[in-house]
Amino acid sequence: MSTATFDGGIHPRYNKDRSSAEKIRPLPAPAQVVIPLSQHIGAPAKACVKKGDDVLMGQTIGEPGGFVSCPVHSSVSGTVLSVEPRPGAMGSPVESVVIENDYAERLAPMEGLGEDWKSATVDQIKAAISSAGIVGMGGATFPTHVKLSPPSDKPIDTLILNGAECEPYLTADHRLMLEHSDRIVTGMKIAAMALGASRLIVAVEENKPDAVEAMRKATVSESADVVPLAVKYPQGAEKQTIDACLRRQVPSGGLPMDVGVVVLNVGTAAAIAAAVIEGRPPLERVVTVTGAAVSKPSNLLVRVGTPIGAAIEECEGDLARTGKLIMGGPMMGFSQFSVEPPVTKGTSGILLLEHKEINLREPDPCIRCGRCLRACPMKLVPTEIAAAALKGTPDQISAADVMDCVECGSCAHECPSRIPLVQQIRLGKAAVNAARQGKG
Amino acid sequence: MGQTENKLYVSSSPHAHGGISSSRIMWTVSAVLLPAAGWSVYLFGLSALMVILSTVAFCAVFEAISQLMAKKPVSIRDGSAVLTGLILALTLPPGLPIWICGVGAFVAIIVAKAVFGGLGQNPFNPAMTGRVFLLIAFPGPLTRWLVPSGTGETLFNHPVTAYDASGSLVELGANNIDAVTAATPLGLLAENGAHAVAALENSTEIFIGQINGSLGETSGLLILLGGVFLLARRIISWHIPISFLGSVALFAAITNMIDPDHFAGITFHLFTGGVMIGAWFMATDYVTSPMFPGGKIAFGIGCGVLTMVIRLWAGYPEGVSFAVLLMNATVPIIDRYTRPKKFGWKRMAAAAKGGE
Ligand code: SF4
Ligand code: SF4
């Protein structure tokens, strides 16, 4: 039987061996945490604490700024030092709550549903998830309670747990599946109940046979299928995972719910379990710290708000040897100016690439070799989108299907002329968005 | 932690690259052509070597000049001009005067490529343009097929099978008289019909390449092996070569079946002239061929059919370079109509219908 997969995609160097055998270990909480009020897609949270306030660990410090938004919690107990813009992972400053850690670990009162969740109502479960501020932990950071609330005309029959972890280097989800498979399965069952989904699938790339095994064991008594997926990037992209598991294609411009599916990252499932059963918001997350400039590649359990510098120090990352510092993976992560930005709910990795690994070459002209379009999982023609983005009108750019691009980076990874296709495509998207807004 | 002296480089994702470069592709393709080039030197001696070296050198020089004039960085090292030179050389007959090689290189690099804006912008295959120009401008020298002589021009003393003007098969030994002008198998076919080349059908000579012709036309086998290597390395895809060769074979089979006296068979057409090198190395030029799988197949079939039509019914005995050039002109149209459907188009279409 051939393994499930999708059309297109690439085979980057995975480099997961560095950290995949490293057990998750906690990084001590820092003296100061910087907790951005926007760690999710949607409206930023509104700060509900001010300078000088005493806060408890797990206390809500930012209220959601709308339905597509999330509350934010303090990951330590201590005193609020300031509420101010601080360097964020995306380059620009983000309004953040800075808290001095008193190391007392005074926990805010948490009300979980306990094992009673099975008899709870769907609304109770969604409320627990929503007030815990859970977002897509794979990096997409879309508020989970929104994902679990599809409109009534879009019934969901299938819930897919995504453990593909196709980004090179990252092993956080892999370790989570090995060490916390039961928790993940509990989260899956809770989400399935909230959605009314009858079919449960756990999708794992087959380069993690131990994780496939662990998830199989954890689901023996459940009606869930563990589906090994072919090792190919971006196998874990939502639409590609659905295509591989179910042979259903999410329509262009649509969402997984349009084909009756919701996809949750395994880390999100684990967070759901904690939120619903213990009432505990995600105060920490697993982060893979790795790369050639890191002597002790690790999977760390890091408090949200910890500056990435602390994690780098713990893993003996050598900044002098580092040419590029990336939050996330090498394909979709964000390169950083400094070690200041904090770990957020969506930070899956911290990657230190050496100078010799980074590409400083000027691009050559496009030779129409077709590698970018063979690589594209969305079956687009990246070279034409990029060309339109550089020279075309917004209408021409959007006619090149720029909005279907998921920015996975496969095209640029394969381009022999090293054309910054994704960067040009992003500019194209911005131009189209600006034009659409202009039209109102 | 804290500030470091070291500068962190910031750029848009992705931060990893597969490592393939345009220049590596060009040099690989060039390297793959070397056995065939070497074989022609083995057969024809210095007269072949001079054509190869001078054409490649002229192409490199013209590339440098054009880039200096356009105030662009000189990119000889990317191998694209060298590859053009090598392919052009392999379509030329041994012993061609060096200055004619220079004219061909000028047309290929300056007229067909630089004028259009350089690498990636040219609609027509530069090497093919160069060859076709020479064929029209210098029909004599371009169709004077040299056979190795024993007068010291050859590097190796090796017998070569050749055809004299009447179509008889002669084995030319090391001590044969001066360079002889002899007809190529395709020339014979065009003039005298299939019976004139009957001896050649299924002969190992045409397969291995001990026949007279342009440098790269002599060894279909080495070209085929090179092409398969490029296929295995995924530098080219199967679509163009297979549809090109397949349509030539089909065309040959049908015409041969109708009138075996007049039309030669499959092996003859596949392994003589420029079909092999054309299908694997010329029609597959990225810049001047379609980008999408369906388009590549249409393009390959077009090349194959045009080649056969020219071979069998037009004034020239060989039609590969004309066929490829003609098909080059159709690439924008082919690309427009063979674009693959994007992910999720089906349900989008269904939803649009259902919604109305
Ligand atoms: S065009 Fe977009 S979706 Fe396609 S490969 Fe490039 S980044 Fe990925
Ligand atoms: S991979 Fe690069 S060179 Fe090849 S067609 Fe795409 S953009 Fe052009």
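Cut-offs used in this document
- Residues numbered from 1 in each chain as written.
- Chains lettered and ligands numbered in written order.
- Predicted model: local features only at pLDDT ≥ 70, side-chain atom pairs only at ≥ 80, totals over all residues.
- Heavy atoms only, no water.
- Helix = DSSP H or I, 4+ residues; strand = E, 2+ residues; numbered from the N terminus.
- Buried < 20%, exposed > 50% of the residue type's maximum accessible area, 1.4 Å probe, protein only.
- Contact = heavy atoms within 4.5 Å.
- Areas by Shrake-Rupley, 256 points an atom, 1.4 Å probe, with all protein chains shown as cover.
- Pairing = 2+ DSSP bridges.
- Expected span 1.5 Å × (residues − 1).
- Near = heavy atom within 4 Å.
- Nonpolar A, V, L, I, M, F, W, Y, C, P; charged D, E, K, R; others polar.
- Buried area = accessible area lost by both parts, 1.4 Å probe.
- Salt bridge = Lys/Arg side-chain N within 4 Å of Asp/Glu carboxyl O.
- Polar contact = N/O pair within 3.5 Å; in protein donor to acceptor, adjacent residues only side chain to side chain.
- Core = buried A, V, L, I, M, F, W, Y, C linked by side-chain atoms within 4.5 Å.
- Axes fitted to C-alpha atoms, helices over the stretch in contact; angles between N-to-C directions.
- Arc of directions from axis to C-beta.
- Phe/Tyr/Trp six-rings, centres within 6.5 Å; stacked < 30°, edge-to-face > 60°.
- Lys NZ or Arg CZ within 6 Å of the ring centre and 35° of its normal.
- Parallel < 35°, antiparallel > 145°, perpendicular 65-115°, else oblique.
- Left-handed = near helix turned anticlockwise from the far one by under 90°.

Q: When you look at the overall build of chain B in this model, what are you seeing that I'm missing?
A: For chain B, the helix and strand inventory stands at 15 helices and four strands. Classification of the 356 residues of chain B by burial places 55% in the buried group. In chain B, of all internal contacts separated by at least 6 residues, the share reaching a separation of at least 24 is 75%. For chain B, the accessible area works out to roughly 15000 Å², and carbon and sulfur atoms hold 66% of it.

Q: Help me understand the sheet that holds strand 13 (residues 284-290) of chain A in this model?
A: The strands making up a sheet associate through hydrogen bonds between their backbones, and the pairing can be parallel or antiparallel. Read from one edge of the open sheet, six strands run 1-14-13-17-15-16 (chain A), paired in mixed fashion. In the strand order of this sheet, the two ends are held by strand 1 (24-26) and strand 16 (334-335) of chain A, each with one partner.

Q: Please explain helix 10 (residues 239-258) of chain B as it appears in this structure.
A: Three or four residues apart is the spacing at which side chains of an α-helix point the same way, because the helix has 3.6 residues per turn. All names here are of chain B. Here helix 10 is 20 residues long and its end C-alpha atoms lie 28 Å apart, about the 28 Å a rise of 1.5 Å per residue gives. Within the span of helix 10, buried status applies to His239, Ile240, Pro241, Ser243, Phe244, Leu245, Ser247, Val248, Ala249, Phe251, Ala252 and Thr255. In this structure, the buried side of helix 10 is in contact with helix 11 (266-271), helix 12 (275-282), helix 13 (293-313) and helix 14 (320-337).

Q: What exactly am I supposed to notice about the site of ligand 1 here?
A: Neighbouring ligand 1 are 13 residues, the closest being Cys376(A), Cys405(A), Cys408(A), Gly409(A) and Cys411(A). Tallied by class, the residues present in the shell around ligand 1 amount to ten nonpolar, two polar and one charged.

Q: How should the interface of chain B and chain A be read in this particular structure?
A: Between chain B and chain A, the contact holds 43 residues from the first and 69 residues from the second. Summing both sides of the interface, chain B and chain A together bury roughly 4600 Å²; the carbon and sulfur share of this comes to 56%. Of all residues in chain B, His15(B), Met291(B) and Phe343(B) give up the largest surface area on contact with chain A, accounting jointly for 19% of the area buried on that side. Put simply, chain B and chain A have four salt bridges between them. A salt bridge links Asp404(A) to Lys342(B); the shortest N-O distance between them is 2.8 Å. For the interface between chain B and chain A, the tally reads 24 residue pairs in polar contact (both at pLDDT 80 or more). Elements represented by at least two residues in the side of chain B that touches chain A include exactly helix 1 (22-44), helix 14 and helix 15 (345-355) of chain B. Its residues placed into classes, the side of chain B that touches chain A shows 20 nonpolar, 16 polar and seven charged.

Q: Honestly, the nonpolar core in this entry has me stumped. Any pointers?
A: A general tendency of soluble globular proteins is for nonpolar side chains to be buried together. Membership of the largest hydrophobic core comes to 75 residues, with the highest contact counts inside it found for Leu33(B) and Phe281(B). Ranked by residue count, the leading element in this core is helix 1 of chain B, at eleven residues. Leave out the neighbours within four places in its chain, and Phe281(B) touches Val29(B), Val32(B), Leu33(B), Ile87(B), Ile223(B), Gly226(B), Gly227(B) and Leu230(B). Of all hydrophobic cores here, the second largest spans 45 residues; its members include Ala191(A), Val202(A), Ala211(A) and Ala270(A).

Q: Would you explain the sheet that holds strand 10 (residues 199-205) of chain A in this entry?
A: All names here are of chain A. Across the sheet, four strands lie side by side as 11-10-9-12; this open sheet has parallel pairing. For this open sheet the edge positions go to strand 11 (224-229) and strand 12 (261-265), each flanked by a neighbour on one side alone. Between one strand and the next, the sheet's axes are offset by a mean angle of 25 degrees, whatever the strand orientation. Bridge count for strand 9 (residues 158-163) against strand 12 is five bridges, and the pairing is parallel. Each residue of the ladder has a partner; that of Leu159, found in strand 12, is Val262. Those strands touched by helix 8 (residues 266-278) are strand 9 and strand 12, and its axis lies near 85 degrees from that of strand 12.

Q: Just checking my understanding: could you explain helix 2 (residues 122-131) of chain A for this structure?
A: Residues and elements named next belong to chain A. Residues Ile125, Ala128 and Ile129 constitute the buried set of helix 2. What you see down the axis of helix 2 is that its buried residues fit within an arc of 95 degrees, all on one side. Just downstream of helix 2 lies Gly133, where phi reads positive at about 70 degrees.

Q: Before we go on, may I ask you to explain the side chain of Glu407(A) in this structure?
A: Residues and elements named next belong to chain A. Tracing the backbone through its elements, the reader meets Glu407 in the loop between helix 12 (394-399) and helix 13 (410-414). Among the polar contacts made by the side chain of Glu407, one reaches the side chain of Lys429 at a distance of 2.9 Å. With near-sequence residues (within four places) excluded, Glu407 lies in contact with Met332, Val422, Arg426 and Lys429.

Q: What is the right way to look at the pattern of salt bridges in this model?
A: All names here are of chain A. Counted according to the given criterion, the structure contains 29 salt bridges over all chains. Put simply, Asp7 and Lys379 hold a salt bridge, and the shortest N to O gap is 3.9 Å. Of the two residues, Asp7 sits in the segment before helix 1 (17-20) while Lys379 sits in the loop between helix 10 (371-375) and helix 11 (382-391), which places them 372 residues apart along the sequence. By relative accessible area, which is 24% here, Lys379 ends up partly exposed. One salt bridge connects Glu105 with Arg303, and the closest N-O pair in it is separated by 2.9 Å. Note that Glu105 is positioned in the loop between strand 8 (93-101) and helix 2 and Arg303 in strand 14 (residues 298-303), a separation of 198 residues in sequence. Note on Arg303: relative accessible area 12%, which makes it buried.

Q: What's the story with the packing of aromatic side chains in this structure? I'm lost.
A: For any two aromatic rings, the description comes down to two numbers: the centre-to-centre distance and the angle of the planes. Using the criterion set out here, one finds five aromatic pairs over all chains in the structure. Arranged with centres 5.3 Å apart and planes meeting at 90 degrees, the rings of Trp99(B) and Phe138(B) form a pair that is edge-to-face. With Trp99(B) in helix 4 (residues 98-111) and Phe138(B) in the loop between helix 5 (126-137) and helix 6 (139-142), the pair connects residues that are 39 residues apart, well separated along the chain. Taken together, the ring pairs in this structure connect Phe58(B), Phe62(B) and Phe106(B) into an aromatic cluster. The aromatic ring of Phe6(A) is capped on one face by Lys232(A), whose charged end is 4.6 Å from the ring centroid.

Q: What is the right way to read the pairing of strand 5 (residues 60-63) of chain A from this model?
A: For a regular strand, side-chain orientation follows a simple rule: the groups alternate between the two sheet faces. All names here are of chain A. Of the pairings in the sheet, the one linking strand 3 (residues 46-47) to strand 5 comprises two bridges and is antiparallel in character. Of the residues in strand 5, the one forming a bridge with Ala47 is Gly62. Note: strand 5 against strand 6 (residues 72-73), two bridges, orientation antiparallel. Its bridge partner being in strand 6, Thr60 is matched across the sheet by His73.

Q: Help me understand unusual backbone geometry in this model?
A: Trans is the prevailing form of peptide bonds, just as negative phi is the prevailing case for residues other than glycine. Tyr233(A) connects to Pro234(A) through a cis peptide bond whose omega is -5 degrees. With respect to the secondary-structure elements, Pro234(A) resides in the loop between strand 11 and helix 7 (238-246). A cis amide bond links Ser13(B) with the next residue in sequence, Pro14(B), at an omega value of -5 degrees. By the secondary structure assignment, Pro14(B) is in the segment before helix 1. A positive phi angle, close to 50 degrees, is found at Glu105(A), a residue other than glycine.

Q: Just to check I follow, could you spell out the environment of Pro73(B) for this structure?
A: Its place among the elements puts Pro73(B) in the loop between helix 2 (46-69) and helix 3 (80-90). Spatially, the C-alpha atoms of Pro73(B) and Ser11(B) are 24 Å apart, while their sequence positions differ by 62 residues.

Q: I tried to follow the packing of helix 5 of chain B against helix 14 of chain B on my own but got confused; where do I start?
A: When two helices pack together, their arrangement is given by the angle between their axes and by how far apart the axes lie. Residues and elements named next belong to chain B. One way to put it is that helix 5 packs onto helix 14 with a least axis distance of 9 Å and a crossing angle of 125 degrees. With respect to helix 14, the element helix 5 is oriented oblique. When you trace helix 5 past helix 14, the crossing you get is left-handed. Taking contact as the criterion, the partners of Met128, Thr129, Arg131, Val132, Leu135 and Ile136 in helix 5 are, on helix 14, Ser321, Phe322, Val324 and Leu325. Classifying every residue of the contact of helix 5 with helix 14 by side-chain character gives seven nonpolar, two polar and one charged.

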